[in-house]
Amino acid sequence: MEKIIDGKAIAAQMRQGIAEDVTVLKAAGTIPGLAVVLVGEDPASRVYVSMKEKACEQTGIFSAEHKLSVETTEAELLALIDALNGDGRIDGILVQLPLPAHIDESKVLEAISPKKDVDGFHPYNVGRLVTGKPLFQPCTPYGVMKMLEYSGVKLSGKNVVVVGRSNIVGKPLALMCLAQNATVTICHSRTVDLPDQVRRADVVIAAIGRPEMIKGDWLKEGAVVIDVGVNRVGEKKLVGDVEFASALPRVSAITPVPGGVGPMTITMLLYNTVESAKRRASGKSV
Ligand SMILES: Nc1nc2c(c(=O)[nH]1)N[C@@H](CN(C=O)c1ccc(C(=O)N[C@@H](CCC(=O)O)C(=O)O)cc1)CN2
């Protein structure tokens, strides 16, 4: 196992496989389609959306872009989603988060057809994950699981500590690790003695959104560290939730920021879209 888990390289390898699947689908008459919806001008969201569009182009997926003004009402957004749910060219619908404060995020996510919910955020898909029969799995946690698989890290019987309990990363990751027979602990802002919890972990997954909060001397010797944090410090610098320099000498493997989990998020969105297109092509119900 490489000490630095290269998310860019794993993502590139997976995207090649996805592009091959798209070629096969197109030859049989199905063009995978993703609708990308952005409301407002949030600069980070604009960057992520354009990365998603570019990734679609590179893999041959049709992307339909809907860039809406910050004044868009909740009713207008719901009407667009309704139209996309019924659009036969669209296999996946992505609404970039966060949404402006006047729009109810849960209402919007619940309006997306579970069959086109390639972000895996709809309560139906959350329920499928909880019951161990996933349909669409959320992209960042799914990307983490793929990185562990590609790096040969087996979770069965391991102590996994997930730091962070968000609906889109921490909670689904805990369920995915549990499905691989890990012993999972979820830590959060009220956890007593976080360093002590982290010290027990064979695998630490950091998803708290606090720059370099987890220090090297908190880690067990030989631990595997997956850093989901993408924190902007100053104008240009990006850092994770783990202090990389102090962690590196102690770990057996670690993901960098940037170039770790981030590239996998978009790759899993492409993957989910193509899986959805394969279902459409086969006429299978879900
Ligand atoms: N509808 C969704 N909204 C959001 C999601 C999501 O999965 N679905 N996740 C995040 C943002 N996100 C994708 O949307 C995302 C975050 C980071 C990266 C990434 O590649 N990061 C790079 C650094 C890029 C940079 O320079 O800023 C890295 O870590 O190497 C991709 C996608 C919130 N919203």
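Bear in mind the structure is a predicted one, so any value in this text is a computation, not a measurement.

What about the UniProt feature "domain: Tetrahydrofolate dehydrogenase/cyclohydrolase NAD(P)-binding" (unreviewed entry) in the protein?
Thought 1: In this numbering, the UniProt entry assigns the feature "domain: Tetrahydrofolate dehydrogenase/cyclohydrolase NAD(P)-binding" (unreviewed entry) to residues 138-280.
Thought 2: Secondary structure within residues 138-280 divides into 36% helix and 18% strand; the distance between the first and last C-alpha atoms comes to 20 Å.

With respect to the site of the ligand
Thought 1: Near the ligand you find 19 residues, and of these Tyr48, Leu97, Pro258, Gly262 and Thr265 are the closest.
Thought 2: Sorting the residues of the shell around the ligand by element identifies α2 (43-59), β3 (92-95), α6 (139-150) and α10 (261-282) as the ones contributing at least two each.
Thought 3: When residues in the shell around the ligand are grouped by element, the largest group, 4 residues, is from α10.
Thought 4: Here the residues of the shell around the ligand sort into 13 nonpolar, 5 polar and 1 charged.
Thought 5: Domain assignment of the residues forming the shell around the ligand places at least three in each of domain 1 (28-115) and domain 2 (139-262).

Some words on the sheet that holds strand β4 (residues 159-163)
Paired through their backbone hydrogen bonds, the strands of a sheet run either parallel or antiparallel.
Thought 1: One open sheet holds the 5 strands; their spatial order is β5-β4-β6-β7-β10, and the pairing between them is parallel. Pairing within the sheet leaves two strands with one partner each, and these edge strands are β5 (183-187) and β10 (253-254).
Thought 2: As defined by bridge partners, strand β7 (residues 224-227) adjoins β10 across 2 bridges and the pair is classed as parallel. In the strand pairing of β10, Val225 is matched with Ile254.
Thought 3: Running over the sheet, helix α7 (residues 170-179) touches β4, β5 and β6 (203-206) and is turned about 170° from β5.

Some words on the domain arrangement of the protein
Thought 1: Per the domain assignment, the segments making up the protein are domain 1 (28-115) and domain 2 (139-262).
Thought 2: Domain 1 and domain 2 are separated by 29 Å when their C-alpha centres are compared.

Considerations on the environment of Arg232
Thought 1: Examined against the element boundaries, Arg232 turns out to sit in strand β8 (residues 231-233).
Thought 2: Given 11 C-beta atoms within 10 Å, Arg232 falls into the exposed group.
Thought 3: A sequence separation of 21 residues divides Arg232 from Pro211, and the C-alpha atoms of the two residues are 8.1 Å apart.

A look at the packing of α2 against α10
Between two packed helices, what matters for the description is the angle formed by their axes and the separation of those axes.
Thought 1: Where α2 meets α10, the closest approach of the two axes is 10 Å, and the angle between their N-to-C directions is 50°. Here α2 is positioned oblique relative to α10, judged by the angle of their axes. Of the two possible hands of crossing, α2 and α10 adopt the one that is right-handed. Counted together, Met51, Lys52, Ala55, Cys56 and Thr59 of α2 and Ile266, Leu269 and Leu270 of α10 form the full contact between these two elements.
Thought 2: Classifying every residue of the contact of α2 with α10 gives 6 nonpolar, 1 polar and 1 charged.

Calculation notes
- Residues numbered from 1 in each chain as written.
- Predicted model: local features only at pLDDT ≥ 70, side-chain atom pairs only at ≥ 80, totals over all residues.
- UniProt positions renumbered as here; feature names shortened; annotations may be inferred.
- Helix = DSSP H or I, 4+ residues; strand = E, 2+ residues; numbered from the N terminus.
- Near = placed C-beta within 6 Å.
- Nonpolar A, V, L, I, M, F, W, Y, C, P; charged D, E, K, R; others polar.
- Domains from an automatic or database assignment.
- Pairing = 2+ DSSP bridges.
- Contact = placed C-beta atoms within 7 Å.
- Axes fitted to C-alpha atoms, helices over the stretch in contact; angles between N-to-C directions.
- Buried ≥ 20, exposed ≤ 12 C-beta atoms within 10 Å, placed from the backbone.
- Parallel < 35°, antiparallel > 145°, perpendicular 65-115°, else oblique.
- Left-handed = near helix turned anticlockwise from the far one by under 90°.

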